[in-house]
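Structural description and commentary
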Amino acid sequence: GAVVSQHPSRVICKSGTSVKIECRSLDFQATTMFWYRQFPKQSLMLMATSNEGSKATYEQGVEKDKFLINHASLTLSTLTVTSAHPEDSSFYICSATLAGRNTQYFGPGTRLTVL
Amino acid sequence: AQSVTQPDIHITVSEGASLELRCNYSYGATPYLFWYVQSPGQGLQLLLKYFSGDTLVQGIKGFEAEFKRSQSSFNLRKPSVHWSDAAEYFCAVGAPGNTPLVFGKGTRLSVIA
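Everything numeric here is computed off the predicted structure, so don't read it as measured data. (Residues numbered from 1 in each chain as written. Chains lettered and ligands numbered in written order. Predicted model: local features only at pLDDT ≥ 70, side-chain atom pairs only at ≥ 80, totals over all residues. Heavy atoms only, no water.)

A closer look at the packing of aromatic side chains
In total, this model carries 16 aromatic pairs over all chains according to the counting rule given. Taken together, a centroid distance of 5.6 Å and an interplanar angle of 45° make the contact between Tyr36(A) and Phe106(A) tilted. One end of the pair, Tyr36(A), is in strand β4 (residues 32-38); the other, Phe106(A), is in strand β10 (residues 103-106), and 70 residues separate them in sequence. Its relative accessible area of 1% is what places Tyr36(A) among the buried residues. Its relative accessible area of 9% is what places Phe106(A) among the buried residues. Judged by centre distance (5.8 Å) and plane angle (70°), the rings of Phe106(A) and Phe103(B) are edge-to-face. You can see Phe106(A) sitting in strand β10 and its partner Phe103(B) sitting in strand β11 (residues 102-103), one on each of two chains. (Phe/Tyr/Trp six-rings, centres within 6.5 Å; stacked < 30°, edge-to-face > 60°. Helix = DSSP H or I, 4+ residues; strand = E, 2+ residues; numbered from the N terminus. Buried < 20%, exposed > 50% of the residue type's maximum accessible area, 1.4 Å probe, protein only.)

Structure (structure tokens):
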């Protein structure tokens, strides 16, 4: 149980385009999901906290207009990178919290490459 | 503020040898502590976690970790390493409820024959 999926697993796009990444909790409901970014050979850095039915909370330095987060249901959160640039190339990982377990379960990640 | 320090960036061990990965944390209250493993290009897999109770916790794949409050440490151990254990290991600290985790910078484990 407690499986989190992400789609797509890998995406390559041109500079200036927008990319949507989906994060789904497959076998549980997640009122809260988190989006992290991981640059090569570095640790995970929290980008934002996504709560179902409300606006996401962004970490300092993360542009909310560039990284649009929508948490429309208890099993789905999406991250849209708008007007992507090469410096946005990174590994994006989502996680979901299973209520009462105090444990985050991570998706497999999405590798974004912006040309 | 919460923080996690993993002092070792890269460790190399021989297959069959024992392993200890260090983790020190800074947290104002009783922390929730986690160890995750990440293979190249993959997401994170939870190895084990500590919330309360017995300070020695057992995880998957033969890993264990010991919480030492006096040393603010949560070191990960395995008595006999297998080649498939080569990966990146992350220690993380969190709080109860729907709160994000703070990760250490990770320790890359290489296993040699």
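Now that the structure has been shown, the text picks up again.
A closer look at empty space enclosed by the protein
Taken as a whole and assessed by the stated rule, the structure comprises one cavity of 30 Å³ or more. Put simply, the largest cavity is a space of about 60 Å³. Breaking the lining of the largest cavity down by element, the ones donating at least two residues are β10 of chain A together with β5 (32-38) of chain B. Counted by class, the lining of the largest cavity contains four nonpolar, seven polar and no charged residues. (1 Å grid on protein atoms, 1.4 Å probe; cavity = no way out; pocket = protein on both sides within 12 Å on 5 of 7 lines; lining within 4 Å. Points joined across faces, edges and corners; volume = space filled by probe spheres on them. Nonpolar A, V, L, I, M, F, W, Y, C, P; charged D, E, K, R; others polar.)

Thoughts on the nonpolar core
Of all hydrophobic cores here, the largest spans 27 residues; its most connected members are Trp35(A) and Leu112(A). Where this core is concerned, the elements lending two or more residues are β2 (10-13), β3 (19-25), β4, β5 (44-51), β7 (67-73), β8 (76-81), β9 (90-98) and β11 (110-114) of chain A. The biggest single contributor to this core is β9(A), with four residues. Sequence-distant contacts of Leu112(A), defined by excluding residues within four places in its chain, comprise Val11(A), Cys13(A), Val19(A), Val81(A), Asp88(A), Ser89(A), Ser90(A) and Tyr92(A). Leu19(B), Val37(B), Tyr50(B) and Ala65(B) belong to the second-largest nonpolar core, a separate cluster that totals 26 residues. (Core = buried A, V, L, I, M, F, W, Y, C linked by side-chain atoms within 4.5 Å. Contact = heavy atoms within 4.5 Å.)

Topic: the state of the cysteines
Applying the stated criterion across every chain, the model contains two disulfides over all chains. Disulfide partner of Cys23(A): Cys94(A), at an S-S distance of 2.0 Å. Judged by the torsion about the S-S bond (80°), the Cys23(A)/Cys94(A) disulfide is right-handed. Placement of Cys23(A) in strand β3 and of Cys94(A) in strand β9 is noted, with a sequence separation of 71 residues between them. Here Cys23(A) matches Cys94(A) in class, with each residue buried. Here Cys23(B) connects covalently by a disulfide to Cys91(B), the sulfurs 2.0 Å from one another. Measuring handedness by torsion sign, the sulfur bridge of Cys23(B) and Cys91(B) sits at about -65° and is left-handed. (Disulfide = S-S within 2.5 Å.)

Description of the interface of chain A and chain B
Taken together, the contact pairs 21 residues of chain A with 21 residues of chain B. Summing both partners gives a buried area of about 1,500 Å² for chain A against chain B, and 54% of it is carried by carbon and sulfur. Considering only the surface of chain A that becomes buried against chain B, Ser43(A), Asn102(A) and Phe106(A) emerge as the three largest contributors, covering 32% of it. The tally of links from chain A across to chain B stands at zero salt bridges. Remark: the boundary between chain A and chain B carries seven residue pairs in polar contact (both at pLDDT 80 or more). Mapped by element, the contributors of at least two residues to the side of chain A that touches chain B are β4, β5, β9 and β10 of chain A. Broken down by class, the residue content of the side of chain A that touches chain B amounts to nine nonpolar, eleven polar and one charged. (Buried area = accessible area lost by both parts, 1.4 Å probe. Salt bridge = Lys/Arg side-chain N within 4 Å of Asp/Glu carboxyl O. Polar contact = N/O pair within 3.5 Å; in protein donor to acceptor, adjacent residues only side chain to side chain.)

That's the geometry; what it means functionally is another story.
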